[in-house]
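Chain and residue survey
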Amino acid sequence: MKTKDEYLNLFGVSSAQLRTLVAEGMKNGGDWCDLFFEDTSYSELVLRDGEVSSGGSHIDYGCGVRVLKGEKTGYAYAESTDIAALMTAARNASVIASAAGSGHGSAGKPYISKVSGRQDFYPMKEDWRQSEASRFVPVLQKLEAAIRAKDSSVHKVIAALSWQVSDILMYNSLGETTADTRPVGSLTTTVIFIRGGRTEMNNASKSFRAGVEIMSDSLVEELAEAVTSGMDERFEARRPKGGKMPVVMAAGASGILLHEAMGHAFEADFNRKGQSIFSDKMGCRVAAEGINIIDDATIPGNRGSINVDDEGIAGQKTYMVEDGILRSYLHDRISASFYGVAPTGNGRRESFRYNPIPRMRCTYMESGRDGSCEDLIASVRKGIFVDQFSNGEVKIGEGDFTFYVKSGRLIENGRLTMPVKDINIVGNGPKALADIVAVASDLKIDNSTWTCGKEQSALVSCGIPSVLVKSLTVGGE
Amino acid sequence: MLEKEELKLTRECLQMALEAGASKARASLSKNEMSIVATLDSEVDKVSGCLDRSISLNLYVDGRYGTFSTNKLDRESLRAFIGKAVGTTRMLAEDPARDLPDPARTAKDAKDGKELGICDPAWESVTPEQRIAFALGNAISAYDKKWKIVSQEGEYSDSQYHNYVVDTQGTEVLHSETSFEFFTELTIEDNRGHKYSGGWWEASPLLKDFHPEKVGPAALEEAVMQIGPKRCPSGKYRAVIDSEVSQKVLNPILNALNAFSIQQKNSFLTDSLGKQIFPAGLDIMDIPRTPGEACGKMFDSEGVASSNHYIIKDGVVQEYFVNTYMANKLGIPPTIEDAIRPYIPPLNMPGGRNELMQLCQDGILITDFCGGNSNPATGDFSYAIQGYRFKDGKIVHPVREMLITGNIVKLWGQIIAAGNDARRCRAKLTPTLAFDNVDFSG
């Protein structure tokens, strides 16, 4: 990690200038001001039709200035760190102090971090920015070869490698300076399969906060296996008859259920505004005994991990549901102040262009004690087993959610039978959470390229052990 | 507005690219100035102002191709960035299909960016006080013994956007537009503690046509109408899809007509050009050059001139969307890279959703989609929906937790009518649509 002075030099500002900018932001009576400097480099290479013939790189650089008056926000940014441009941004953000009412309180209370020392959940052994793009061309070629070697029905392969590194410097009106360097490397592929005149498409991805060292033959092999496995079943798959039925969700990517159906409703901004279906449920039982649901920034190399959030609060592990009881929302400084609790390190933003809001990181459920996934399947007379999800959506107020099922199977008399595809599962978040009647002991974190789109994009991840939900609506013929 | 210096700098990027070793290049400057005032429960919650500028570059180097962008726009940074970009492009494989468009195809009439009349000079004179007044003046307060408003969020925004595209073959095109938008989302709670949300949105490129006063009442009506949902038995129903969300069933068609999907064998409309795939009478057009209308544009990202034309006429597929790269790759004539402002004209019914429900008499009105997917290779789809059961042409109760499934081509084959109520503020002008025999499950 760089030193504070190295970050200051990177952005061409001094500590004295940071103080001046914050003073300018506060001059109209604001009670909190913070600065967020960002220098992001993004690059990508794409293999298509057998050649790595397209690629590019992109730079995003600037600084956001936020001024708070109570819970009200003034925000402006500059795409340069020229002091005159930053002073203009600070002046524009300061307008909120005269436009807003008094509000409930201030986010500018001193916060004593529970985390001591400087933590690094994604040490970058080899910086992407120091590597020539040509070095990664063989990675994509190997991936295509590995995919084609596994399945002779592969017709087209698109493979892409992208990497991004962001240097971040933050300063606030408490005089706190925080910095971070955040890498992320992602390998993705989309494959078209043709068998007997029929076409199927599948995709898979792996993404980590790590440096170049993450690119390995084993990662390539893992991705090739992920995108080709289950294709025999996919070609056989049909839509099942729809209706309400028990659903066994496989460990791993099914964790998107937690993210969409429960996690968003635990984000404190929705609760502060009274919009969440969990707004009045703090301290109440929301799930069966033994169920723990966590949002975690501290998993080494995980796509959702952050050393510090975008308000300078240390990344941490937050138990939202403990033994079935709702214990904590996910807070940024504003909501923490509103609720009179410590921030949980969930104040995140897409870039310097956005003010931070409560966002998830890696959301998962801890393993349970109800045996294996096979045990859960064996307990169902007639239902459905799903192992690949995508396209989840939730309505926060109502708690209604939908997930598109890419693949799964019917369960008949405790056994997996007909493969199914192209269906949706719909339900209600609190009800589905309460309806989880068995949790296996096989927690798996899914390392795909999950990106949450609540107002702004945020890198996240998810995980879950295999679970049995006693009743959900399955769409079908 | 765009400064002369910004235009000059964009043109200089081409010279920098040629000097660094590129044989051809395109540079595209995007500039967006936006102001936002957000409200929460009739108080200002956030004010924000921003100015974004970036230059994107398409570089053609020794038969190779790369795409790059940066918002560090001082000359020294740009020159260093472009030099490195040319070097990166040289590391890629050759691709002879990559090229700039034929200069004869690029727009010659997009000179000052104002030709479509959607860049309102009134935008320059909107004051911060007016923005706050727009945001606060359109909040609503209402209470009913059967429900109360839990929260009300509003967001007013206005912006001025410019896009200037030049290439080394002499293409030079400019697009400018303004936008005034207001959005409200309401959450209400009924007397049993159940929450329902409703949202509405209005936008216009011209201040004189901007009507934010419609937004609050429409959002409230949407939330209140959802109280007391009931389940419907699974089965086949007539489906009326509201104009607010009907683009959901148009998008898979537009995606399937893209030459990239065709080339990748990932389209259910492969080999459909010139064929009667959809019912006689059904037209789908692209009308990007209608003056004064939001989201129009006289050129695509390559600078190729757009035109008002048929995509599907009388059920027959008229065109694929083919950019220069895909034209060279597939050996077919280029067209435009995508539909810019697709439009479905009325079919069998000059009316809106009430008239279509009357026509159908019995069915389910879909007012929102909540997740789901369409398989691009087969056209099979499954979408979760929210809406209302209607009988005798009138809404009887809301429905939730229901899904529709089917195949996009088969669905359009069952079209009963298309209304005349497409919302002008949207990029896709899709009216309320009615279909027969749609599979609902729940």
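Residues numbered from 1 in each chain as written. Chains lettered and ligands numbered in written order. Predicted model: local features only at pLDDT ≥ 70, side-chain atom pairs only at ≥ 80, totals over all residues.

A closer look at the overall build of chain B
For chain B, the helix and strand inventory stands at 9 helices and 17 strands. Computed over its C-alpha atoms, the radius of gyration of chain B comes to 24 Å, within 12% of the 22 Å expected for a compact globule of 442 residues. Projected onto the principal axes, the alpha-carbon positions of chain B cover approximately 70 × 55 × 35 Å. Taking the intrachain contacts of chain B between residues at least 6 apart in sequence as the baseline, contacts between residues at least 24 apart amount to 71%. (Helix = DSSP H or I, 4+ residues; strand = E, 2+ residues; numbered from the N terminus. Rg over C-alpha atoms; globule rule 2.2 N^0.38 Å. Contact = placed C-beta atoms within 7 Å.)

Describing the sheet that holds strand β10 (residues 309-313) of chain B
All names here are of chain B. Sheet architecture is open: 4 strands sit in the order β11-β10-β9-β12, paired in antiparallel fashion. A single partner strand is all that each edge strand has here, and the edge strands are β11 (316-317) and β12 (342-343). Here 2 bridges tie β10 to β11, and the two strands are oriented antiparallel to one another. In the strand pairing of β11, Lys313 is matched with Val316. (Pairing = 2+ DSSP bridges.)

Examining the domain arrangement of chain A
All names here are of chain A. When its domains are assigned, chain A resolves into domain 1 (128-164 + 184-235) and domain 2 (243-474). The C-alpha-based centres of domain 1 and domain 2 are spaced at 27 Å. The partner domain 2 presents 11 residues to the 12 residues of domain 1 that form the contact. Of all elements in the fold, only β5 (177-195), β6 (198-208) and α7 (231-236) reach the threshold of two or more residues within the side of domain 1 that touches domain 2. Considering each element in turn, the side of domain 1 that touches domain 2 owes the most residues, 4 residues, to β6. (Domains from an automatic or database assignment.)

Focus: the environment of Ala288(A)
Residues and elements named next belong to chain A. Mapped onto the fold, Ala288 is located in the loop between α9 (268-272) and β8 (293-296). Given 16 C-beta atoms within a 10 Å radius, Ala288 is considered partly exposed. Filtering out sequence-adjacent residues up to four positions away, Ala288 remains in contact with Gly324 and Ile436. (Buried ≥ 20, exposed ≤ 12 C-beta atoms within 10 Å, placed from the backbone.)

Comments concerning the nonpolar core
Generally speaking, soluble globular proteins have nonpolar side chains that are buried together. Formed by 175 residues in total, the largest nonpolar core has its most connected members in Ala17(B), Leu57(B), Leu59(B) and Ile82(B). Looking at which element gives the most residues to this core, the answer is helix α8 (residues 256-266) of chain A, with 7 residues. Excluding residues that lie within four positions of it along the chain, Ile82(B) makes contacts with Cys13(B), Met16(B), Ala17(B), Ala20(B) and Leu57(B). (Core = buried A, V, L, I, M, F, W, Y, C linked by C-beta atoms within 7 Å.)

Describing the sheet that holds strand β19 (residues 444-446) of chain A
Ordered in space as β10-β9-β8-β13-β22-β19 (chain A), the 6 strands form an open sheet in which the pairing is mixed. What marks the edges here is a single partner per strand, and that holds for β10 (325-326) and β19 of chain A.

Points about the interface of chain B and chain A
At the interface, 56 residues of chain B touch 62 residues of chain A. The dominant element in the side of chain B that touches chain A, judged by the number of residues it contributes, is strand β2 (residues 43-61) of chain B, at 10 residues. Residues belonging to the side of chain B that touches chain A are distributed by class as follows: 20 nonpolar, 23 polar and 13 charged. Pairing between strand β3 (residues 72-78) of chain A and β2(B): 4 bridges, direction parallel. Bridge pairing in β2(B) places Tyr75(A) opposite Ser48(B). (Nonpolar A, V, L, I, M, F, W, Y, C, P; charged D, E, K, R; others polar.)

Looking at the pairing of β5(A)
Residues and elements named next belong to chain A. Taking burial as the measure, the 19 residues of β5 include 14 buried ones, the bulk of the element. Note that strand β4 (residues 154-172) and β5 share 17 bridges and pair antiparallel. Counted as the bridge partner of Val165 is Pro183 from β5. Where β4 hands over to β5, the hairpin turn is made up of 4 residues, of which Gly175 adopts a positive phi near 85°. Bridging between β5 and β6 involves 11 bridges; their strand directions are antiparallel. Counterpart to Ser186 in the pairing with β6 is Ser207. Where β5 folds back on β6, the antiparallel hairpin that results is connected by 2 residues, among which Gly196 adopts a positive phi of roughly 55°.

Some remarks on the packing of helix α5 (residues 137-150) of chain A against helix α6 (residues 217-228) of chain A
Residues and elements named next belong to chain A. Running from amino to carboxyl end, α5 crosses α6 at an angle of 40°, the nearest separation of the two axes being 9 Å. Relative to α6, α5 is oriented oblique. The handedness of the crossing between α5 and α6 is right-handed. Mapping the contact onto sequence places Val139, Lys142, Leu143, Ala146, Ile147 and Lys150 in α5 and Val220, Glu221, Leu223, Ala224, Val227 and Thr228 in α6. Residues that form the contact of α5 with α6 fall into these classes: 8 nonpolar, 1 polar and 3 charged. (Axes fitted to C-alpha atoms, helices over the stretch in contact; angles between N-to-C directions. Parallel < 35°, antiparallel > 145°, perpendicular 65-115°, else oblique. Left-handed = near helix turned anticlockwise from the far one by under 90°.)

A few points about helix α3 (residues 83-94) of chain A
Between its first and last C-alpha atoms α3(A) spans 16 Å; for 12 residues at 1.5 Å apiece the expected length is 16 Å, and the two agree. Among all positions of α3(A), only Leu86(A), Ala89(A), Ala90(A), Asn92(A), Ala93(A) and Ser94(A) are buried. Looking at the buried residues of α3(A), the elements they touch are α2 (15-26), β2 (51-69), β3 and α4 (96-99) of chain A together with β2 of chain B. (Expected span 1.5 Å × (residues − 1).)

Structural notes on unusual backbone geometry
Residue and element names in this part refer to chain B. For Ser42, which is not a glycine, the phi torsion comes out positive at approximately 70°. Take Ser42: it is sitting in the loop between β1 (24-40) and β2. Even without a glycine there, the phi angle at Asp392 is positive, about 50°. Take Asp392: it is sitting in the loop between β14 (380-391) and β15 (394-407). Given 9 C-beta atoms within a 10 Å radius, Asp392 is considered exposed.

Topic: the pairing of strand β16 (residues 415-420) of chain A
Every regular strand shows the same layout, with side chains that alternate between the two sheet faces. Residues and elements named next belong to chain A. Taken together, the 4 bridges between strand β15 (residues 400-412) and β16 define a ladder with antiparallel strand orientation. Following the sheet pairing, Ile411 is matched in β16 by Leu416. Hairpin connection, β15 to β16: the antiparallel pair is bridged by 2 residues, and Asn413 has positive phi, about 50°.

Comments concerning the domain arrangement of chain B
According to the domain assignment, chain B consists of domain 1 (4-225), domain 2 (229-250 + 346-442) and domain 3 (270-343). Centre-to-centre, using C-alpha coordinates, domain 1 of chain B lies 30 Å away from domain 2 of chain B.

Quick look at the packing of helix α1 (residues 4-20) of chain B against helix α2 (residues 75-90) of chain B
All names here are of chain B. At a closest axis distance of 9 Å, the pairing of α1 and α2 adopts a crossing angle of 45°. For the element pair α1 / α2, the angle class is oblique. Helix-helix and strand crossings are classified by hand; for α1 and α2 the assignment is right-handed. On α2, the residues touching Cys13, Met16, Ala17 and Ala20 of α1 are Leu78, Arg79, Ile82, Gly83 and Val86. A breakdown of the residues in the contact of α1 with α2 according to their chemical character gives 7 nonpolar, 1 polar and 1 charged.

Describing the confidence of the model for chain B
On average, residues of chain B score 94 in pLDDT, and 99% of them are at 70 or above. Scored as a whole, the predicted complex attains pTM 0.92, and scored at its interfaces, ipTM 0.90. (pLDDT = per-residue confidence, 0-100.)

Quick notes on α1(B)
Residue and element names in this part refer to chain B. For α1, built from 17 residues, the straight-helix expectation of 24 Å at 1.5 Å per residue is met to within 8% by its first-to-last C-alpha distance of 24 Å. Three or more residues of α1 are buried, namely Thr10, Cys13, Met16, Ala17 and Ala20. The buried residues of α1 occupy an angular sector of 110° when projected down its axis, which confines them to one face. Exposed residues on α1 whose side chains face more than 90 degrees from its buried face are Lys4, Glu5, Lys8 and Glu19. Contact partners of the buried residues in α1: β1, β2, α2 and β5 (147-167). (Arc of directions from axis to C-beta.)

Thoughts on the environment of Asp442(A)
All names here are of chain A. Relative to the elements of secondary structure, Asp442 occurs in the loop between β18 (436-439) and β19. Look at Asp442 and you get partly exposed, because 18 C-beta atoms sit within 10 Å. Sequence-wise, Asp442 and Ile464 are 22 residues apart; in three dimensions their C-alpha atoms are separated by 8.0 Å. The residues contacting Asp442, other than those within four sequence positions of it, are Ala251, Ser367, Ser372, Cys373, Pro465 and Ser466.

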